[in-house]
Amino acid sequence: MSDERRVLRELVDAHGRTYAEEAGIRLADTPQPLYRLLVLSVLLSARIRASVAVAAARELHAAGMRDARRTAEASWQQRVDALGRGGYRRYDERTATMLGEGAGLLLDRWGGDLRRLRAEADGDVDALRRLLQEVPGLGPAGADIFLREVQRVWPEVAPRLDGKALQGAGRLGLPEDPDRLLRLAGDTEPAVLAAALVRAALDKAVVEDTRRRAA
């Protein structure tokens, strides 16, 4: 086994968990999990630790904000409180507002169902990325997060290893080329590979742990 393949195998074995999985989202091509992934992507795109964003997403779900309608119907204070319980305090008020506005947009334009947004893009991933960025709080980084994770259930997106994933590969001394990484990863799901590489990009400890395991 090549050194690069060994490093990638150790990374995926130890850190190959999607952020949706970490947030307790059983991703499927149905409205609720897709909406929860959208919210998680908004939370993860802020300058805050990923673990805090995941905890906040769990708290929003526990508070009943599991789809666009319930989020829109919740009060602003209920959204603030749920974010606060997840430790998402630095951006809680602004984010509570954006989540309410985003839920309203999703209901008005796509009937609360992200599959309709997908249909509007009609298989064009660039168009899909642009449409996602119409959601308040979901800029380019947030759209990329959503696409990295949703490729599990939206085949036209896969395989997707974006700039953040390639940054993680570079930190590990791996090729910063999507095709080469996919070949090295063998039958690893692209969404899992992408998540593992992003974790390496965001956390020096993941890089050190992976190198130690591969040594």
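Since the structure is predicted, the reported quantities are computational estimates derived from the model, not experimental observations. (Residues numbered from 1 in each chain as written. Predicted model: local features only at pLDDT ≥ 70, side-chain atom pairs only at ≥ 80, totals over all residues. Heavy atoms only, no water.)

Now for the environment of Leu-44. Positionally, Leu-44 belongs in helix 3 (residues 31-44). Expressed as a C-alpha distance, the spacing of Leu-44 and Gly-142, which sit 98 residues apart in the sequence, is 7.1 Å. (Helix = DSSP H or I, 4+ residues; strand = E, 2+ residues; numbered from the N terminus.)

As a packed pair, helix 3 and helix 7 (residues 92-110) sit with axes 11 Å apart at the nearest point and diverge in direction by 145°. Note that helix 3 runs across helix 7; the crossing there is right-handed. Contacts between helix 3 and helix 7 involve Tyr-35, Leu-38, Val-39, Val-42 and Leu-43 on the former and, on the latter, Thr-95, Leu-99, Ala-103 and Leu-106. Grouping the amino acids of the contact of helix 3 with helix 7 by side-chain chemistry returns eight nonpolar, one polar and no charged. (Axes fitted to C-alpha atoms, helices over the stretch in contact; angles between N-to-C directions. Left-handed = near helix turned anticlockwise from the far one by under 90°. Contact = heavy atoms within 4.5 Å. Nonpolar A, V, L, I, M, F, W, Y, C, P; charged D, E, K, R; others polar.)

In this section: the side chain of Glu-149. Its place among the elements puts Glu-149 in helix 10 (residues 140-150). No salt bridge forms around the buried Glu-149; measuring N to O, its nearest opposite-charge neighbour Arg-148 is 5.8 Å away. A polar atom in the side chain of Glu-149 sits 3.0 Å from the backbone nitrogen of Tyr-19. Ignoring any residue separated from it by four or fewer positions in sequence, one finds Glu-149 in contact with Thr-18, Tyr-19, Ala-20, Leu-27, Leu-37, Ala-191 and Ala-195. (Buried < 20%, exposed > 50% of the residue type's maximum accessible area, 1.4 Å probe, protein only. Lys, Arg positive; Asp, Glu negative; His and termini not counted. Salt bridge = Lys/Arg side-chain N within 4 Å of Asp/Glu carboxyl O. Polar contact = N/O pair within 3.5 Å; in protein donor to acceptor, adjacent residues only side chain to side chain.)

Here we take up the packing of aromatic side chains. Tallying each qualifying case throughout the model produces two aromatic pairs. Seen from their ring centres, Phe-146 and Trp-154 are 5.7 Å apart, and the 65° between their planes marks the pair as edge-to-face. Here the two residues Phe-146 and Trp-154 agree in accessibility, since each one is buried. (Phe/Tyr/Trp six-rings, centres within 6.5 Å; stacked < 30°, edge-to-face > 60°.)

Let us look at unusual backbone geometry. For the bond from Ala-158 to Pro-159, the omega torsion is -10°, close enough to zero to count as cis. Mapped onto the fold, Pro-159 is located in the loop between helix 10 and helix 11 (163-171). The backbone phi angle of Asp-122 is positive, close to 55°, even though this residue is not glycine. Within the secondary structure, Asp-122 sits in the loop between helix 8 (114-121) and helix 9 (125-132). Asp-122 sits in the exposed class, given a relative accessible area of 67%.

Evaluated as defined, the whole model comprises 17 salt bridges. The shortest N-O distance in the salt bridge between Arg-9 and Glu-10 comes to 3.1 Å. You can call Arg-9 partly exposed: its relative accessible area is 38%. The class of Glu-10 is buried, set by a relative accessible area of 14%. Measuring nitrogen to oxygen at the nearest pair gives 2.8 Å for the salt bridge that ties Asp-209 to Arg-213. Of this pair, Asp-209 and Arg-213 are both found in helix 14 (residues 204-214), four residues apart, which corresponds to roughly one turn of the helix. Classification of Arg-213 by relative accessible area gives partly exposed; the value is 41%. Several salt bridges converge on common partners, so that one network encompasses Glu-21, Arg-152 and Glu-189.

With that settled, the discussion passes to the packing of helix 1 (residues 3-15) against helix 13 (residues 190-202). Orientation of helix 1 relative to helix 13, taken along the N-to-C sense of each, is 95°, at an axis distance of 9 Å. When the interaxial angle is binned, helix 1 and helix 13 end up roughly perpendicular. Contacts between helix 1 and helix 13 pair Leu-8, Leu-11, Val-12 and His-15 from the former with Val-192, Leu-193, Ala-196, Leu-197, Arg-199 and Ala-200 from the latter. For the contact of helix 1 with helix 13, the class distribution of residues is eight nonpolar, one polar and one charged. (Parallel < 35°, antiparallel > 145°, perpendicular 65-115°, else oblique.)

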